[in-house]
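Chain by chain, the residues run as shown.
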Amino acid sequence: MSQNATLEVLEPATEAVLQEIPHAGAADVDRAVERAAAAFPAWRAVTPSDRAAALRAISDIVREHREELAQLEARNAGKPIGDARGEMDMVAQVFGYYAGSPERLLGDTIPVAGGQAWTVREPLGVVGLIVPWNFPLTIAAWKLGPALAAGNAVVLKPAELTPLTALRFAELALEAGLPEGVLNVVAGPGSVCGARLVEHPGVAKIAFTGSTEVGRSIAAGAAQTIKRVTLELGGKSPNIVFADADLTAAAAAAPGAVFGNAGQDCCARSRILVQRPAMDAFMAELERAVTAIRVGDPLSEGTEMGPLISAGHRERVSSFVDNGAPVAFRGSAPDGPGFWFAPTVLCPVGAGGTSSRAWREEIFGPVAVVIPFDTEEEAVRLANDTIYGLSGSIWSGDGGRALRVARALDAGVLSINSNTSVRVSTPFGGFKQSGYGRELGPHALDAYTEVKSIFYAT
Ligand code: NDP
């Protein structure tokens, strides 16, 4: 599509056009970087307490517009309205949490000869944020909160498929008092606008969430200008269920952990490992839970799972459930327009075993693979046998075992007897090819500041 043509934004549940918006190109990125660079000196000079107040005001305005933003997100991303409301609550919480940061960006004093040495944390300048379509405003907020708190100006590039909440958020942030130019949104294709941000010499850092493949190209591109980079990439996370676990609880929770957001979640526990003696009981409970999932109109209050994001993505997900696929059972999905795909459980893994695509690749759709294991050692080996290392769960009634396994897994975010990964106040990010750097919690600020050491001769 040519620069500044119109971009049709679709509603995945109906395939209808939801909005048409101007389509940004590389020149729009350059202008946004210029605006951000012009706004940066004044923003970094805002007193810490006033910057905190600005973030608090953003948190408040998101709460006031919760329903409007949630409806927009639910329609544009095809996610259940209840989930979208929860996501908007998290967006507000993120800004509330990082409102505490400007006044707590502490440094060290270091004993040295001949004077005083201490450290301060400086903002980086103009930061480029590139975010995906699965949790559009939430993932943007994870980056915006610490970036703005630390005094950076930002250019945010939402995914072309889901730009609407980012554009509306930028209007609300201005209304809340964020100075003009501090936050700029450029809605255009990744291969053009994202790539320009990565190569732009005026951008100091790229914070990216998306596929490992694009993450690699961003890391390579950023090397040209020695940009700082944080990458939150794909996953193929294990959900390990030992026979001594509360099987009913583990089986009831497992569908939500992989079919939530229609499986389009980098933390999806898409590899379910079950200790052999528990296999039959677990599968029976899991089937009951999967067939009960309510898949349908994202705007209906009781909906638990919506459609996939696009026709192209549905085609890719379908390729994992071809004619020969070992389908153990499936849930339901509506007919008619919309990019629907029924929740599907594969077991056994099928031809190729643990070298099959379904076991190794990130499907990013509602497809789970179940595999039995015998020993704790085997569970750890199978769980770690992946290029990814984002999240995972361990279900066991033996606390010592659960802790041993948690330490042995190569992953950044783990939960025991629970499948939750994300909290505003705890660090989130991956090992191995799931990326580097941490979002959320106190650690995120490290990724948006440079440490400066100053010596004063006495
Ligand atoms: P991408 O990695 O392609 O997209 C993520 C973001 O990067 C989007 O804003 C995209 O823009 C942008 N982008 C794309 N190409 C470039 C580039 N060359 N330079 C800079 N930015 C770029 O993910 P997809 O949307 O294609 O999804 C494909 C797969 O990625 C999924 O099936 C899933 O496996 C994984 N994924 C993982 C996510 C996670 O949360 N870890 C999130 C999304 C996807 P635009 O879309 O506008 O072109």
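Below you will find a few notes about this structure. (Residues numbered from 1 in each chain as written. Predicted model: local features only at pLDDT ≥ 70, side-chain atom pairs only at ≥ 80, totals over all residues. Heavy atoms only, no water.)

## A closer look at the nonpolar core
Right, so step 1: F95, L144, L148, L156, F169 and L183 are the most contacted members of the largest nonpolar core, which totals 59 residues.
Right, so step 2: Look past the residues within four positions of F95 in its chain and what remains in contact with it is L55, I58, S59, A141, L144, G145, L148 and F169.
Right, so step 3: Core analysis: the second largest hydrophobic core is formed by 56 residues, V349, A383, W395 and A402 among them. (Core = buried A, V, L, I, M, F, W, Y, C linked by side-chain atoms within 4.5 Å. Buried < 20%, exposed > 50% of the residue type's maximum accessible area, 1.4 Å probe, protein only. Contact = heavy atoms within 4.5 Å.)

## So, the sheet that holds strand β7 (residues 183-185)
Right, so step 1: Read from one edge to the other, the open sheet built from six strands follows the order β7-β6-β5-β8-β9-β17, with strand pairing classed as mixed. Each of the sheet's edge strands pairs with one partner strand only, and the pair in question is β7 and β17 (435-436).
Right, so step 2: Of the strand pairs in this sheet, strand β5 (residues 126-130) and strand β6 (residues 153-157) are connected by five bridges, and their pairing is parallel. The partner of L129 across the bridge, within β6, is L156.
Right, so step 3: Contacts between helix α7 (residues 190-199) and the sheet are confined to β5, β6 and β8 (205-209), with β6 contributing the most and set at about 155° to the helix.
Right, so step 4: Each of β5, β8, β9 (228-232) and β17 touches helix α8 (residues 212-223); the most contacted strand, β9, lies at about 175° to it. (Pairing = 2+ DSSP bridges. Helix = DSSP H or I, 4+ residues; strand = E, 2+ residues; numbered from the N terminus. Axes fitted to C-alpha atoms, helices over the stretch in contact; angles between N-to-C directions.)

## With respect to the layout of surface pockets
Right, so step 1: The computed volume of the largest pocket comes to approximately 1000 Å³.
Right, so step 2: Around the largest pocket, the lining comprises 39 residues; the ones closest to its centre are W133, F208, G210, S211 and V214.
Right, so step 3: Partitioning the lining of the largest pocket into residue classes produces 17 nonpolar, 12 polar and 10 charged.
Right, so step 4: Reported here for the second largest pocket is a volume of approximately 680 Å³.
Right, so step 5: Elements supplying a minimum of two residues to the lining of the second largest pocket: α4 (81-98), α5 (136-149) and α9 (247-259).
Right, so step 6: Ranked by residue count, the leading element in the lining of the second largest pocket is α4, at six residues.
Right, so step 7: Residues belonging to the lining of the second largest pocket are distributed by class as follows: 12 nonpolar, 10 polar and four charged. (1 Å grid on protein atoms, 1.4 Å probe; cavity = no way out; pocket = protein on both sides within 12 Å on 5 of 7 lines; lining within 4 Å. Points joined across faces, edges and corners; volume = space filled by probe spheres on them. Nonpolar A, V, L, I, M, F, W, Y, C, P; charged D, E, K, R; others polar.)

## Comments concerning the site of the ligand
Right, so step 1: Around the ligand, 28 residues are found, and the nearest of them are V131, W133, E160, S211 and E362.
Right, so step 2: Taking G190, its main chain carries an N or O atom lying 2.9 Å from an oxygen atom of the ligand.
Right, so step 3: Interatomic distance of 2.6 Å between a side-chain N/O atom of E362 and an oxygen atom of the ligand.
Right, so step 4: A total of three residues in the shell around the ligand trace back to one element, the largest contributor, which is α7.
Right, so step 5: Taken together, the residues of the shell around the ligand break down into 14 nonpolar, nine polar and five charged. (Near = heavy atom within 4 Å. Polar contact = N/O pair within 3.5 Å; in protein donor to acceptor, adjacent residues only side chain to side chain.)

## Looking at the packing of helix α3 (residues 66-77) against α5
Right, so step 1: Contact geometry of α3 with α5 gives a least axis separation of 9 Å together with a crossing angle of 115°. Residues L69, E73 and A77 of α3 form the contact with α5, whose own contacting residues are P136, L137 and T138.
Right, so step 2: Its residues assigned to classes, the contact of α3 with α5 comprises four nonpolar, one polar and one charged.

## Details of the sheet that holds strand β3 (residues 109-112)
Right, so step 1: The antiparallel open sheet is built from three strands, whose spatial order is β3-β4-β18. Here the strands that pair on one side only, and so sit at the sheet edges, are β3 and β18 (449-457). Adjacent strand axes in the sheet meet at a mean angle of 30°, parallel and antiparallel pairs treated alike.
Right, so step 2: Relative to strand β4 (residues 115-123), β3 runs antiparallel, the two sharing four bridges. Within β4, the residue paired with I110 across the bridge is A117.

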